[in-house]
Amino acid sequence: MSRENVTIKGVGDGLLITLSPTEEWQVITAELASRIDEKSAFFNGAHIIIDTGARPVPKYELSSLKALLERRGLSLMAVHSESKTTIQSAEALDLRTSYKADDITRTNDRELAAIDPEEVGTPGVLVNRTLRSGRTIHSRGHVVVIGDVNPGAEIVAAGDIIIWGKLRGTVHAGAEGDTSAIVCALDMTPMQLRIAGYISISPQEIKGRRARPEIASIKNDQIVVEAWE
C-alpha cells in the first residue's frame, strides 16, 4: 500500500494530515487508520487539520472520518479544501474551514497569544456531544460543550470552559495560567475543577439537590462558585 496517499506533518500543537485527492476514499481512510494505530501513543490526543485538496467530500464521508479519528482519541479541528462540497460538509459538522497551508503556523501563533476579551472570534473548540468516561479534550483557546461531561472525562483549556449540560468530570480552565478564566455549567458537580493553579474538589452530590446553572471563577485567591444568571 502506498504511503503517498496520506502525509502527516506537525504544525503548532497539532497535526496537518493531507489526503490524496485521487485515491479511493476507503483506501485512504484505511491507510490513515493503519498509520494512527501503528503509533497510537504519538497520535493520542492530537488536534487534527485535514487537507483534502480538490476532492469533493460529502458529509457522510467526512462524518465517518471524524468518527474514525475520535475513536482513536483524536480531535478533528479543521478542514482545508478547494472543494465547495467539502467546505459545506465541514460547516455542517461545525468544523472550521478554509485553512491555507501557509497560514496554519500563523493561526497557531495567534492561538498561543493572550486572550483579549475585546477580540472578535477568539479561538476555541465546540463539542456538540456528551463526553463519556475516558475522553479528553485539549484546547489552546476556549471549550464549549453542548452536552454532559461524564465522570472520567476531562477538559483542559487555556481559556474558558462552558458546559451546556451536566459537569461531572474533570475540568481545567486557564491551564496556561490565566486566572481570569471561568467554568460554567447548567449543573456543576465536577470530580475536580481547576482554574489556572487553583484546585477545587466537589463534595459528594447531595441527595435532593436542585440543579442550577453555576459559574466558577477565582476571587480572593480561591475558586468561588456562584449562580450563573
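Just so it is clear, the model here is predicted, and its values are computed rather than measured.

Thresholds, definitions, all that
Residues numbered from 1 in each chain as written. Predicted model: local features only at pLDDT ≥ 70, side-chain atom pairs only at ≥ 80, totals over all residues. Heavy atoms only, no water. Helix = DSSP H or I, 4+ residues; strand = E, 2+ residues; numbered from the N terminus. Expected span 1.5 Å × (residues − 1). Buried < 20%, exposed > 50% of the residue type's maximum accessible area, 1.4 Å probe, protein only. Contact = heavy atoms within 4.5 Å. Arc of directions from axis to C-beta. Polar contact = N/O pair within 3.5 Å; in protein donor to acceptor, adjacent residues only side chain to side chain. Patch = residues over 30% accessible without salt bridge, like charges linked within 9 Å, V, L, I, M, F, W, Y side chains within 5 Å. Areas by Shrake-Rupley, 256 points an atom, 1.4 Å probe, with all protein chains shown as cover. Salt bridge = Lys/Arg side-chain N within 4 Å of Asp/Glu carboxyl O. Pairing = 2+ DSSP bridges. Right-handed = clockwise from strand over helix to strand, strands pointing away.

(A) Quick look at helix H3 (residues 59-71). Taking 1.5 Å of rise per residue, 13 residues should cover 18 Å, and H3 covers 18 Å from first to last C-alpha, within 8% of that figure. Of the positions making up H3, those classed as buried are Glu61, Leu62, Leu65, Lys66, Leu68, Leu69 and Glu70. Buried positions along H3 lie against strand S2 (14-19), helix H1 (25-38), strand S3 (47-53), strand S4 (75-81) and helix H4 (84-92). Trailing H3 by a residue or two, glycine 73 shows a phi angle of about 80°, which is positive.

(B) H4, seen in detail. Among the residues of H4, Thr86, Ile87, Ser89 and Ala90 are the ones counted as buried. Considered in projection along H4, the buried side chains sweep an arc of 160° and stay on one side of the axis. Where H4 is buried, its residues touch S3, H3, S4 and strand S5 (96-97). If you check the start of H4, you find a side-chain oxygen 3.2 Å away from the backbone N of threonine 85, and it comes from serine 83. Two residues or fewer after H4 comes aspartate 94, characterised by a positive phi angle close to 60°.

(C) Quick peek at a nonpolar patch on the surface. Taken together, the side chains of Leu126, Ile146 and Trp164 make up a nonpolar region of the molecular surface, amounting to roughly 310 Å² of accessible area. Relative to the helices and strands, leucine 126 is located in strand S6 (residues 124-127). Accessibility expressed as a relative area gives 41% for leucine 126, which makes it partly exposed.

(D) Highlighting the pairing of S4. The buried count for S4 comes to 7 of 7 residues, which makes it a mostly enclosed element. In terms of strand pairing, S3 meets S4 through 6 bridges, oriented parallel. Following the sheet pairing, aspartate 51 is matched in S4 by histidine 80. Regarding the hand of the β-α-β motif, the stretch spanning S3, H3 and S4 is right-handed. Examined bridge by bridge, S4 and S5 share 2 bridges and lie parallel to one another. In the strand pairing of S5, alanine 78 is matched with arginine 96.

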